[in-house]
Amino acid sequence: MSAKKVAFYTLGCKLNFSETSTIARSFENEGFQRVEFDEAADVYVINTCSVTENADKRFKTIVKHAQKANEDAFLIAVGCYAQLKPEELAEVDGVDLVLGATEKFKITDYLNDLTKNDHGEVHSCEIDEADFYVGSYSIGDRTRAFLKVQDGCDYKCTYCTIPLARGISRSDRLENVLQNASEIAEQGIKEIVLTGVNIGDYGKGEFGNKKHEHTFLELVQALDEVEGIERLRISSIEPNLLKNETIDFVASSNTFVPHFHIPLQSGSDDMLKRMRRRYLSDLYADRVNKIKSVMPDACIGVDVIVGFPGETDEHFLETYNFLQKLNISYLHVFTYSERDNTPAAEMDGVVPLKVRKKRSKMLRGLSAKKRRAFYESQLGNTSTVLFEGENKSGYIHGFTENYVKVKAPWNPEMVNTLKKVNLTEIDEDGLVRFEMLQEELV
C-alpha cells in the first residue's frame, strides 16, 4: 500500500511555521508522505492565526483550495484561531477536526479513522491547561530555520488575544534549545531565527514553575557557543525586555546578527497606556539609540498599530513624528481590528475604518522611505549574504546579516551559501545589487 499523503498550510507568524514543521515531522514518523498544499493529499492541516482580521477570513478560502485538490480529504484545523473559536471553525463546510493549543502536538493520536465527518469534531482544552511546553523548529522548508524557545504570554495588552490562544508564558529547557540548535546545524542550515510569543521573557516556566532558571541573556550566550551555526537572529523582542547587556553581547557576538525587531505599537504615551504596554516612548527611543551607539549599521524593525480606540489625529501624528525622527529601518504596520474578549473591543473612541486605512497608508509610505534611507546608508559596505532557494523571475535573492535584501541573476549553486559582497546600488524594485568579493561557496 502506498503511504498516505499529508499537506500543510501555515497562516501567521514564524512561531506557527516552526510548529507546523514539528507537526509535519510527527506525521512523517507515522509513515505519511508530505506533499505540497496544492497537490492531492489524504489529510490537509491548516495552522491558523488570529492576529489579523485577514487571517480569519482566509481560512475558508484555504479550506476550499484543499477541497479542490481532493474533496474526500480529511481536513484538520489547528493553531490560535482553533483555540479561540473552535466551534466556528468546526462549522466550516469540509472541516473534520479542530485541535486546540495543547492537542495539536498530539495530532496523530486523533487519526485512527480518516472518514469524513458531517460536522467538525473539536478537541480543545481550557487555555489555563496549556501550561506545559512543547519545543519545535522548522527545518527543510527554507534556508533559515525558526527555533521556538518560548510560548505563551503573561502580558495583558488590551488588544491582544494571544494569552487566550496560547496560555501562560513558559520556556523550553536550555539543554533542549541547544540540542535543537545542534540538530538544525547538522542539517547544513546556515541561519537560525529565535522565535516565541515573548522571547525576552525566556527562562520563566523552564521547569514548570514561574522561577527564572535562565535569562534571555544566558540563552543567547549559550547559543553563541553552538558549533556549526553561521548566523543567529532574534525575531522580535519587547523593548522593556531588551537589556543593555543583551545589546552589548550581540554587538560582540560571533554569530548573532545586528538586526532587531522591536514592537512599539504607538509613539503616543496616552495610547501606550490605553494599550497597557509596559513602557513609554522614551524607553523605546533609548533602546534604539543604545543599539545604534554600539552597532551603527544595525537594522531595526518596528511593529505599529494604527486606529486603536481613542487614537485621535493628534495621537497619530505623535506616532508619525516619533517614528520619523527615530533611526529605524522599516515598519510592520497593523490596522487595528476588534477582537472578541479583549478590553479594547469595549473601549469608546472607535476610529472609523476609512481613517484607520488612511493612517496605515501614511505609515507604510514612511516605512518605504525609512527602508530606502537604510539601504542607501549601506551602499559601499562589505557584507555577507545568505542566498535563498527560490528562483523569482530569473533572480536569486538573499539577505545580509543586517537584513538588506539583495538580488542577482539566478544561479542554483548559490542557494544556501554565504558570500562576501560589496553593496553597490539600489535597483528600480528597491532591492540592492552587489559585487561578489568571494568566489568560493561556503
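The following paragraphs examine the structure supplied in this document.

### Things to note about the overall build of the protein
So, step 1. Along the backbone of the protein there are twelve helices and 19 strands.
So, step 2. At 22 Å, the protein has a C-alpha radius of gyration in line with the 22 Å of a compact globule built from 442 residues.
So, step 3. In terms of overall dimensions, the protein has C-alpha extents of about 60 × 60 × 45 Å along its principal axes.
So, step 4. The buried share of the protein, taken over its 442 residues, is 55%.

### Concerning the nonpolar core
So, step 1. Within the largest apolar cluster, 55 residues are counted, with the highest numbers of intra-cluster contacts made by Leu194 and Leu363.
So, step 2. Other than its neighbours up to four places away in sequence, Leu363 contacts Val304, Val306, Phe316, Tyr320, Leu323, Leu331 and Val333.
So, step 3. In this structure, Ala66, Ala77, Tyr81 and Val95 belong to the second largest nonpolar core, which totals 22 residues.

### Considerations on helix H12 (residues 353-378)
So, step 1. Here H12 spans 37 Å end to end across 26 residues, near enough to the 38 Å set by a 1.5 Å rise per residue.
So, step 2. Along H12, the positions that sit buried rather than exposed are Arg356, Arg359, Ser360, Leu363, Leu366, Ser367, Lys370, Phe374, Tyr375 and Gln378.

### Topic: the sheet that holds strand E3 (residues 43-48)
So, step 1. On the basis of which strands lie adjacent, the open sheet formed by six strands has the order E2-E1-E3-E4-E5-E6 and parallel pairing. Of all strands in the sheet, those bounded by a partner on one side alone are strand E2 (33-35) and strand E6 (121-123). With strand direction ignored, the average angle separating the axes of adjacent strands in the sheet is 25°.
So, step 2. In this sheet, E2 lies alongside strand E1 (residues 5-10) in parallel orientation, the contact comprising three bridges. Its bridge partner being in E2, Val6 is matched across the sheet by Arg34.
So, step 3. Those strands touched by helix H1 (residues 14-29) are E1, E2 and E3, and its axis lies near 175° from that of E1.

### Thoughts on the environment of Tyr395
So, step 1. Mapped onto the elements of the fold, Tyr395 is located in strand E16 (residues 395-400).
So, step 2. In the structure, Tyr395 is positioned 175 residues away from Val220 in sequence and 34 Å away in space, judged by C-alpha atoms.
So, step 3. A distance of 3.5 Å separates polar atoms of two side chains, one belonging to Tyr395 and the other to Arg433.

### A closer look at the sheet that holds strand E12 (residues 259-265)
So, step 1. Within the open sheet, the three strands sit side by side as E12-E13-E14. Their pairing is parallel. Looking at which strands have only one partner, the edges of the open sheet turn out to be E12 and strand E14 (330-335). Ignoring which end each strand starts from, the neighbouring axes of this sheet average 20° apart.
So, step 2. Two elements, strand E13 (residues 299-306) and E14, share six bridges in a ladder whose sense is parallel. Each bridged residue has a counterpart across the sheet, and for Val306 the counterpart in E14 is Thr335.
So, step 3. Its contacts with the sheet put helix H11 (residues 313-325) on E12, E13 and E14, and the angle it makes with E13 is roughly 175°.

### Things to note about the packing of aromatic side chains
So, step 1. Evaluated as defined, the whole model comprises 14 aromatic pairs.
So, step 2. When the centroid spacing of 5.2 Å and the interplanar angle of 75° are considered together, the rings of Phe37 and Tyr44 count as edge-to-face. Like Phe37, the residue Tyr44 is buried in the burial classification.
So, step 3. Taken together, the ring pairs connect Phe8, Phe27 and Phe32 into an aromatic cluster.

### A look at helix H8 (residues 244-252)
So, step 1. Considered for burial, the residues of H8 that qualify are Thr246, Ile247, Phe249 and Val250. Here the buried residues of H8 occupy an arc of 165° about the axis, which is enough to place them on one side.
So, step 2. Buried positions along H8 lie against helix H7 (216-223), strand E11 (231-234), E12 and helix H10 (281-294).

### Observations concerning the side chain of Thr143
So, step 1. By secondary structure assignment, the location of Thr143 is in the loop between E6 and strand E7 (144-148).
So, step 2. Residue Thr143 is classed as buried on the basis of its relative accessible area, which comes to 9%.
So, step 3. Not counting chain neighbours up to four residues away, the residues in contact with Thr143 comprise Ile189, Lys190, Glu191, Leu386, Phe387, Glu388, Gly389 and Asn416.

### Description of the environment of Asn254
So, step 1. Summarising the element assignment, Asn254 is placed in the loop between H8 and E12.
So, step 2. A sequence separation of 25 residues divides Asn254 from Ile229, and the C-alpha atoms of the two residues are 9.9 Å apart.

### A look at unusual backbone geometry
So, step 1. Of note, Ser393 is a non-glycine position whose phi angle comes to about 50°, a positive value.
So, step 2. Position of Ser393 among the secondary structure elements: in the loop between strand E15 (382-387) and E16.
So, step 3. Overall, the relative accessible area of 74% leaves Ser393 in the exposed class.
So, step 4. Unlike most non-glycine residues, Asn416 shows phi in positive territory, near 60°.
So, step 5. Within the secondary structure, Asn416 sits in the loop between strand E17 (405-409) and strand E18 (418-426).

Reading guide: rules and limits
- Residues numbered from 1 in each chain as written.
- Predicted model: local features only at pLDDT ≥ 70, side-chain atom pairs only at ≥ 80, totals over all residues.
- Heavy atoms only, no water.
- Helix = DSSP H or I, 4+ residues; strand = E, 2+ residues; numbered from the N terminus.
- Rg over C-alpha atoms; globule rule 2.2 N^0.38 Å.
- Buried < 20%, exposed > 50% of the residue type's maximum accessible area, 1.4 Å probe, protein only.
- Core = buried A, V, L, I, M, F, W, Y, C linked by side-chain atoms within 4.5 Å.
- Contact = heavy atoms within 4.5 Å.
- Expected span 1.5 Å × (residues − 1).
- Pairing = 2+ DSSP bridges.
- Axes fitted to C-alpha atoms, helices over the stretch in contact; angles between N-to-C directions.
- Polar contact = N/O pair within 3.5 Å; in protein donor to acceptor, adjacent residues only side chain to side chain.
- Phe/Tyr/Trp six-rings, centres within 6.5 Å; stacked < 30°, edge-to-face > 60°.
- Arc of directions from axis to C-beta.

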